[in-house]
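Spelled out from the first residue to the last, the chains are:
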Amino acid sequence: MLTLRTGDIEAVILPDKGADIYSLTDRRTGVDVLFKSPWGRRSAGPWPRAASSIQRWVEAYPGGWQVLLPNGGDECVEQNVTWGYHGEAALVPWQVLHAGETAATLETRLFTVPLHVRREFTLSGTVLRLTETVTNDSPQELEVMWIHHPAFGAPFLEHGCLLSAGCATVLADHEAPGTLLAPASEHRWPHARDIGGGPLDLRAVPGPDEPRSVLAYLGDFTSGYFAITNPRLRLGAGLRWPLEVFPRAWLWQEVHAGEGWPWYQRAYAVAVEPASTIPGHGMSTARAQGYPGVRFAAGQARQVVLEAVVFEADGPVADIAEGGRVQLA
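Here the structure is a predicted model, which means the values were calculated and not measured.

## As for the side chain of Lys17
Next up, step 1: By secondary structure assignment, the location of Lys17 is in the loop between strand E2 (9-14) and strand E3 (20-26).
Next up, step 2: Side-chain polar atoms of Lys17 contact the backbone oxygen of Ala90, separated by 3.0 Å.

Pasting the structure below:
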């Protein structure tokens, strides 16, 4: 593990597993805001051992924050190779090029697509800045899904937390929308209608004793940000991202609702995931439904900057500006 810290925050990075951000801790309160899976971080050994790509990805999933490349959701066949569930980038080991007290740089090359990926982490005050560069190493054009997968959980997450986002619309997943929303239903953020037609305020984060599940897609962003605030702890966590590459965000909630594998009603997580592409059922399905991925010309590099910030607040957020500057509502 790599541990980066300032006087305000601490981040733990996993070089051997996807260069994941495993934890992001507010040092004022000692609270790690990120979700942890029930089985936790797996020890070193001959894993993932599971037979299917979804089982392999979930087995290796410790919680935290991943990058999904070249695929998001169900496995599919592209360019005569299987792109596994949630892609390859979050499973493979990454080489550490530099590691210091407040900064680290890691890189990897993928096998299923000719992509070189470089992640530069820099902490400053309460802000974690991630500069991510993806390069097509081949002379052929590529089309991929590119998604960030940060999930938040207890003890940060609890009843009374507030979710803010810079979007205007919500589209429920057509296949697996969860327990609250009708399949493929469309809503104006944040006032949705539940599956029975009743009013539903998506800003209100459910407590652990309010079972529900949601898979939906936030769209029509005027500002690429989201934030969760915990009024009781006076603690907030948010993320800012570029809409040019990530014009949408997946909304995932799993609140002790999923029966059977993998959750067995043990997960309490809320995630807003900046995404190039919807829905969450693989590149082939997305393309077939009219949602293209990110295109890379031969040799092309694309760079994005995402900024995560931990802050003190007891109310909703109106925006997160460049540099992690939080504007309260």
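## With respect to the nonpolar core
Next up, step 1: By size, the foremost hydrophobic cluster in this structure holds 94 residues, and its most contacted members are Leu69, Trp146 and Leu218.
Next up, step 2: In terms of residue count, strand E23 (residues 268-275) provides more of this core than any other element does, six residues in total.
Next up, step 3: Filtering out sequence-adjacent residues up to four positions away, Leu69 remains in contact with His86, Gly87, Glu88, Ala89, Leu110, Leu115, Val117, Val134, Val144, Met145 and Trp146.
Next up, step 4: Of all hydrophobic cores here, the second largest spans eight residues; its members include Ala227, Phe311, Ala313 and Ile320.

## Here's the deal with the pairing of strand E20 (residues 225-230)
Next up, step 1: Across the six residues of E20, six count as buried, placing the element largely inside the fold.
Next up, step 2: Residues Tyr225, Ala227 and Thr229 line one face of E20 and the alternating positions Phe226, Ile228 and Asn230 line the opposite face, and both faces are buried.
Next up, step 3: Two strands pair when backbone bridges link them, and strand E14 (residues 162-165) and E20 are joined in this way by four bridges, in the antiparallel orientation. Within the sheet, the bridge partner assigned to Leu163 lies in E20 and is Ile228.
Next up, step 4: Bridge count between E20 and strand E21 (residues 235-240): six bridges; the pairing is antiparallel. Directly across from Thr229, in E21, lies its bridge partner Gly236.
Next up, step 5: The turn joining E20 and E21, which pair antiparallel and follow one another in sequence, is formed by four residues; a positive phi near 50° is taken by Arg234.

## Describing the sheet that holds strand E11 (residues 127-136)
Next up, step 1: Taken together, the eight strands give an open sheet; going across it, the order is E8-E9-E10-E11-E25-E21-E20-E14, and neighbouring strands pair in antiparallel fashion. Looking at which strands have only one partner, the edges of the open sheet turn out to be strand E8 (95-99) and E14. Each strand of the sheet is rotated relative to its neighbour by a mean of 15°, with strand direction disregarded.

## Quick word on the environment of Phe156
Next up, step 1: Mapped onto the secondary structure, Phe156 falls in the loop between strand E13 (147-153) and E14.
Next up, step 2: Judged by its relative accessible area of 0%, Phe156 falls in the buried class.
Next up, step 3: Residues Phe156 and Ala237 lie 81 residues apart in sequence; the distance between their C-alpha atoms is 9.2 Å.
Next up, step 4: With residues near it in sequence (within four places) discarded, Phe156 still touches Val31, Asp32, Val33, Cys161, Ile228, Asn230, Leu233, Leu235, Gly236 and Ala237.

## Some remarks on the pattern of salt bridges
Next up, step 1: Following the criterion strictly, the structure yields 17 salt bridges and no others.
Next up, step 2: Three or more residues joined by partner-sharing salt bridges are found here, namely Glu78, Glu141, Glu143, Arg287 and Arg295.

## Here's the deal with the pairing of E11
Next up, step 1: Of all ten residues in E11, nine are buried, a share of seventy percent or more.
Next up, step 2: One ladder, built from ten bridges, connects strand E10 (residues 115-124) with E11; its direction is antiparallel. Bridge assignment links Phe121 to a residue of E11, and that residue is Leu130.
Next up, step 3: Two successive antiparallel strands, E10 and E11, enclose a turn made up of two residues, where Gly125 displays a positive phi of approximately 60°.
Next up, step 4: Sheet topology places E11 next to strand E25 (residues 301-311); nine bridges connect them, and they run antiparallel.

## Describing helix H1 (residues 53-60)
Next up, step 1: If you check which residues of H1 are buried, you get Ser53, Trp57, Val58, Glu59 and Ala60.
Next up, step 2: Packing partners of the buried residues in H1 comprise strand E5 (65-68) and E13.

## Structural notes on the environment of Gly323
Next up, step 1: For Gly323, the position within the fold is in the loop between strand E26 (317-321) and strand E27 (325-328).
Next up, step 2: It is 9.0 Å that separates the C-alpha atoms of Gly323 and Arg240, two residues lying 83 residues apart in sequence.
Next up, step 3: The residues touching Gly323, leaving out its near neighbours within four places in the chain, are Val127 and Glu307.

## What to know about the packing of aromatic side chains
Next up, step 1: By the definition in use, this model includes 13 aromatic pairs.
Next up, step 2: Considering the side-chain rings of Trp57 and Tyr61, the 5.2 Å spacing of their centres and the 25° angle between planes classify their relative orientation as stacked.
Next up, step 3: Overall, the relative accessible area of 3% leaves Tyr61 in the buried class.
Next up, step 4: Ring geometry for Trp252 against Trp263: centres 6.0 Å apart, planes inclined by 40°, an arrangement best described as tilted. Here the residue Trp252 occupies a position in strand E22 (residues 248-255), and Trp263 occupies one in the loop between E22 and E23, the gap between them amounting to eleven residues.
Next up, step 5: Looking at Trp263, the relative accessible area reads 11%, which means it is buried.
Next up, step 6: Site record: aromatic cluster; members linked through ring pairs are Phe35, Trp39, Trp57, Tyr61, Tyr85, Trp252 and Trp263.
Next up, step 7: We note Lys17 situated over the ring of Trp57; from NZ or CZ to the ring centre the distance is 5.6 Å.
Next up, step 8: Between Lys36 and the ring centre of Tyr22, over which it is positioned, the NZ or CZ distance is 5.0 Å.

What counts, and at which threshold
- The residue numbering used here restarts from 1 in each chain and proceeds along that chain's sequence as written.
- Reporting of local features is limited, given that this is a predicted model, to residues whose pLDDT is at least 70; pairs of side-chain atoms are given and counted only at 80 or more, and all residues count toward the totals for whole chains, interfaces and linings.
- The side-chain figures draw on all heavy atoms in the structure; neither hydrogens nor water molecules are used.
- Strands here mean DSSP runs of E at least two residues long; helices mean DSSP runs of H or I at least four residues long; both are numbered from the N terminus.
- Pairs of N or O atoms are called polar contacts if they sit within 3.5 Å, as long as, within protein, a hydrogen donor faces a hydrogen acceptor (for residues adjacent in sequence, only side-chain-to-side-chain pairs).
- To qualify as a nonpolar core, a set must consist of buried Ala, Val, Leu, Ile, Met, Phe, Trp, Tyr and Cys residues joined through side-chain atoms within 4.5 Å.
- Only protein chains enter the accessibility calculation, which uses a 1.4 Å probe; a residue whose area is less than 20% of its type maximum is buried, one above 50% is exposed, and one in between is partly exposed.
- Throughout, a contact is declared for two residues whenever any of their heavy atoms are within 4.5 Å.
- The rule for pairing is simple: two strands pair if DSSP sees at least two bridges between them.
- Note on definitions: angles span 0 to 180 degrees between N-to-C directions of axes, and those axes are lines fitted to C-alpha atoms, for helices only across the stretch in contact.
- When a carboxyl oxygen of Asp or Glu is within 4 Å of a side-chain nitrogen of Lys or Arg, the pair counts as a salt bridge.
- The rule is short: rings of Phe, Tyr and Trp, with Trp giving its six-membered ring, pair when the centres are within 6.5 Å, and they are stacked under 30 degrees, edge-to-face over 60, tilted in between.
- Definition used: whenever NZ (Lys) or CZ (Arg) falls within 6 Å of the ring centre and also within 35 degrees of the ring normal, the charge is taken to sit over that ring.

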